[in-house]
Amino acid sequence: MKNAIRYAVLTATVLGGIGTAYASSIPGMRGHDHTGVTVPDMQQAVDFFTEVVGCKKAMSFGPFADDKGTFMQDLLGVDPKAVIEEITLVRCGHGSNIELFKYTAPDQKDLTPRNSDIGGFHIAFYVDDIAAAKAYLDGKGVKTRMGPLPVTEGPAAGQTILYFQAPWGLQLEAISYPNGMAYEKDAETVLWSPKNPEK
């Protein structure tokens, strides 16, 4: 019995390793299409992204629910009785899209993750002039953090960053690197940038 277990473990290890050795990409993967964000108030979120950030609303649709079955759980991994009241997509300059969700659910939590929390995240926008972005955000009453902070050492040298927050606590960032970053000099892979979307 012990030998059978050892053989099963060894086989799984070898075959698992073979599978990952050849997998290099999701078939047909072309790039980042959108980031989805659940918001407490859809109108507030749309207003913030269109009237403050400068994105453009592309479309809205919904609601989605399943009163009798487990469609929502099976498709999205949420409570079976969860309801998506509305989905709105916005396009932000030359970057990927942002998909805003307004959910209700019996087990919904109202937690705003910090950047240090597991599952925490932020959305960054490339700007040409980060000092002008800071002045603009301050003028709009948007909560900004320390900065703009220029990065002067290491592979990210050349970028300047500024974190700010949406009214409901979503973490955002303005970033600029008009002359590139230090890592690019010897890089085999250069990060995609909305300032040069064709690269």
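The structure presented is a predicted model; accordingly, all values stated were derived computationally and were not measured.

Within the fold, Phe 125 resides in strand 5 (residues 123-126). Considered as a pair, Phe 125 and Ile 175 are 50 residues apart in the sequence and their alpha carbons are 6.1 Å apart. Sequence-distant contacts of Phe 125, that is, excluding residues within four places in its chain, are made with Phe 49, Val 53, Cys 55, Cys 92, Ile 98, Phe 164, Leu 172, Glu 173, Ala 174 and Ile 175.

Applying the stated criterion to the full structure yields 1 disulfide. A sulfur-sulfur distance of 2.1 Å marks the disulfide that ties Cys 55 to Cys 92. With the S-S dihedral at roughly 100°, the linkage between Cys 55 and Cys 92 falls on the right-handed side. In this pair, Cys 55 sits in the loop between helix 2 (42-53) and strand 2 (56-61) while Cys 92 sits in the loop between strand 3 (83-91) and strand 4 (97-104), placing the two residues 37 residues apart along the sequence.

This part takes up unusual backbone geometry. Cis geometry is adopted by the peptide bond preceding Pro 63, which originates at Gly 62 and carries an omega value of 10°. Cis geometry is adopted by the peptide bond preceding Pro 148, which originates at Gly 147 and carries an omega value of 10°.

About the criteria used
Residues numbered from 1 in each chain as written. Predicted model: local features only at pLDDT ≥ 70, side-chain atom pairs only at ≥ 80, totals over all residues. Heavy atoms only, no water. Helix = DSSP H or I, 4+ residues; strand = E, 2+ residues; numbered from the N terminus. Contact = heavy atoms within 4.5 Å. Disulfide = S-S within 2.5 Å.

Without other data, these values stay purely geometric and don't point to any function.
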